[in-house]
Amino acid sequence: MPSKKLKIQIMSPNLLESDYVVLGDQLIKQWRIPVHHRMQLVFGSLRQTVRVVPLAKFDGIRISQQLAAQMGVQPRASLRLTYRPHSTTLQFGPLLGVLISKDYPDSPERPFGPITMFCKELVNACQLQGVYVYFFTTDQIGANSSSVSAWVYGDGWKKSQVPAADVFYNRLTSRKLENKPSVQHFLKEVKSRYGSHFFNEKFLDKTEVFDALSRDFSISKYLPESYAFQGLQTLKAMCAKHPVVFLKPIKGSLGKGIIRVSRLEGGAFQTQTAQVGGTRRQVYPSLAKLYTALSGKMKATRYQIQQGLSLIEADRRPIDFRALVQKNLSGNWNVTSIVARTAGGHHFVSNLARGGSLSTVKEAVLKSSLPSGLKGTIPSKLRKAALYIADAVDHQIPAHFGELGIDLAVDNAGHIWLLEVNSKPSKNDNTPIGVGKIRPSVKQVVEYTRYLSGF
């Protein structure tokens with residue numbers, strides 16, 4: 001049965017009884033919905049017995065204040081509706097719950113800090129498609145998984161009690177929060193009790209990704225040599241094979257803690273460490289001395305060691321690429337965007353937090369050191385690699401992902417390499433958009449929600 005987007009009208013108690021729903025007579029005839037008969041209304045985890053009343057020349061839904069309160073919906077919301085005749089069920093939805101790290105109740109204009117603009121954009125995209133969305137933190141998860149106290153948007157942001165959603169989107173930016181027993185219990189409960197879908201359900205670490213993807217021969221050509229760092233012997237073996245290697249914190253992000261190790265003439269070795277003000281360089285007479293200097297840091301943090309690559313550059317600054325890959329209304333991976341990131345002055349990492357700058361792929365490639373005959377092939381090669389890698393993540397890592405940030409690099413021969421896969425691409429308010437505009441990346445989240453929920 002198809003779904004139809006309809007506007008909700010909330011009636012005062014003396015105008016409509018709590019267990020009645022009013023629908024247009026044309027829709028009732030079209031879908032053959034029995035009137036004045038008891039049937040089940042479903043909205044996320046909410047199950048309520050109702051009777052349907054027809055209304056001539058009406059194209060919306062009327063519900064009572066009591067039912068609206070149970071559903072947690074605000075006036076003038078739009079929802080999709082479908083009728084399931086085999087179970088005599090009216091299903092409203094889809095209901096999307098977004099799990100976020102932090103809220104700021106004392107700042108009603110920006111209750112989610114730097115991701116408030118993204119959240120409002122998601123509200124607008126949901127309203128256009130008849131999806132209802134709410135936002136909640138780990139502290140708002142209670143003992144009963146059937147409902148949560150969450151933020152919804154009506155005439156401004158407000159708190160409402162809402163049912164467990166059809167689809168949950170994990171936007172937690174802290175591994176500690178994600179691993180809280182209450183969060184993991186909630187995740188299991190809503191999946192098993194209500195059939196909820198939970199996407200981007202976990203962080204990825206570098207060793208897990210490269211170990212898993214190395215099992216997929218179809219993408220082996222994109223993988224630089226990479227291992228969990230085991231100590232001096234690993235360092236010696238990699239430095240004997242490659243003039244440059246990188247040591248990367250397994251759970252790191254934003255370029256923090258990355259160490260570049262390079263062999264110098266005469267047998268000495270140099271480390272370069274990314275810092276806020278630039279790059280810190282140190283020279284050691286041997287790998288053993290270098291390892292001794294780093295070993296304290298290595299004990300506190302697990303590292304991945306990776307083959308260094310000769311990346312294309314512009315004005316002697318390395319360039320890499322971030323592909324945002326998301327699942328669409330058909331449940332298939334789609335490349336939403338690819339941007340080029342050029343490292344800032346005195347930096348060897350391209351992250352914006354380290355002074356890097358963004359540009360289009362075409363602009364960066366044109367300015368780069370890549371031979372001119374190869375430049376035209378790069379955009380399509382990057383898109384193809386991003387889709388192959390996303391597909392491999394789906395097949396090799398036992399978790400549900402709906403979007404991935406895939407960091408890619410191009411060497412001076414035009415070969416594409418995978419640098420990193422990120423399951424929590426940034427949503428901070430640093431991308432200026434016009435008022436009322438909705439980015440394709442936000443629209444895609446809503447469309448994938450509709451796919452998962454069957455709406």
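Above: the structure in question.
A brief look at the structure comes next.

Quick notes on the rules
Residues numbered from 1 in each chain as written. Predicted model: local features only at pLDDT ≥ 70, side-chain atom pairs only at ≥ 80, totals over all residues. Heavy atoms only, no water. Core = buried A, V, L, I, M, F, W, Y, C linked by side-chain atoms within 4.5 Å. Buried < 20%, exposed > 50% of the residue type's maximum accessible area, 1.4 Å probe, protein only. Helix = DSSP H or I, 4+ residues; strand = E, 2+ residues; numbered from the N terminus. Contact = heavy atoms within 4.5 Å. Pairing = 2+ DSSP bridges. Phe/Tyr/Trp six-rings, centres within 6.5 Å; stacked < 30°, edge-to-face > 60°. 1 Å grid on protein atoms, 1.4 Å probe; cavity = no way out; pocket = protein on both sides within 12 Å on 5 of 7 lines; lining within 4 Å. Points joined across faces, edges and corners; volume = space filled by probe spheres on them. Nonpolar A, V, L, I, M, F, W, Y, C, P; charged D, E, K, R; others polar. Expected span 1.5 Å × (residues − 1).

Digging into the nonpolar core
Buried together is how nonpolar side chains tend to be arranged in soluble globular proteins. Within the largest apolar cluster, 47 residues are counted, with the highest numbers of intra-cluster contacts made by Phe43, Phe92 and Tyr134. Looking at this core, the element that brings in the most residues is helix H5 (residues 181–194), giving five residues. What Phe92 contacts, discounting residues up to four positions off in sequence, is Ile8, Val21, Leu41, Val42, Phe43, Ile61, Met71, Leu79, Arg80, Leu81 and Phe455. Ranked by size, the runner-up nonpolar core spans 40 residues in total, among them Val335, Ala340, Val365 and Ile406.

Considering the pairing of strand S24 (residues 403–410)
Most of S24 sits inside the fold, with eight of its eight residues counted as buried. Of the two faces of S24, the one holding Glu403, Gly405, Asp407 and Ala409 and the one holding Leu404, Ile406, Leu408 and Val410 are both buried throughout. Here strand S21 (residues 317–327) runs beside S24; their pairing, made up of seven bridges, is antiparallel. Each residue of the ladder has a partner; that of Leu324, found in S24, is Gly405. Where S24 lies against strand S25 (residues 416–422), six bridges are found, and the strand directions are antiparallel. Bridge assignment links Val410 to a residue of S25, and that residue is Ile416.

Concerning the environment of Gln9
Relative to the helices and strands, Gln9 resides in strand S1 (residues 4–11). According to the relative accessible area criterion, Gln9 is partly exposed, its value standing at 33%. C-alpha of Gln9 to C-alpha of Arg302: the two residues are 293 residues apart in sequence and 55 Å apart in space. Setting aside its immediate chain neighbours within four residues, Gln9 contacts Phe58, Ile61, Arg62 and Ile63.

Some thoughts on the packing of aromatic side chains
Centre distance and the angle of the planes are the two values used to describe a pair of aromatic rings. By the definition in use, this model includes 15 aromatic pairs. When the centroid spacing of 5.7 Å and the interplanar angle of 80 degrees are considered together, the rings of Phe135 and Trp157 count as edge-to-face. Pair noted here: Phe135 is in strand S9 (residues 132–137) and Trp157 is in strand S11 (residues 156–163), with a separation of 22 residues, a long-range link. Here Phe135 and Trp157 have matching classes, each one buried. A centroid spacing of 5.9 Å and a plane angle of 65 degrees characterise the contact between Phe136 and Phe186, whose relative ring orientation is edge-to-face.

Describing the layout of surface pockets
Size it by volume and the second largest pocket reaches roughly 240 Å³. Forming the boundary of the second largest pocket are 15 residues, of which Ala77, Val123, Gln127, Tyr153 and Gly154 lie nearest the centre. A total of four residues in the lining of the second largest pocket trace back to one element, the largest contributor, which is helix H3 (residues 116–129). Of the residues contributing to the lining of the second largest pocket, the split by class is eight nonpolar, four polar and three charged.

Concerning H3
Side chains of residues three or four places apart in an α-helix project in the same direction, reflecting 3.6 residues per turn. In this model H3 runs 20 Å from its N-terminal to its C-terminal C-alpha over 14 residues, within 8% of the 20 Å that 1.5 Å per residue would give. Within H3, the full set of buried residues consists of Thr116, Phe118, Cys119, Glu121, Leu122, Val123, Ala125, Cys126 and Gln129. The positive-phi residue at the C-terminal boundary of H3 is Gly130, with phi of around 75 degrees.

Honestly, that's just the spatial picture; any functional story needs more than this.
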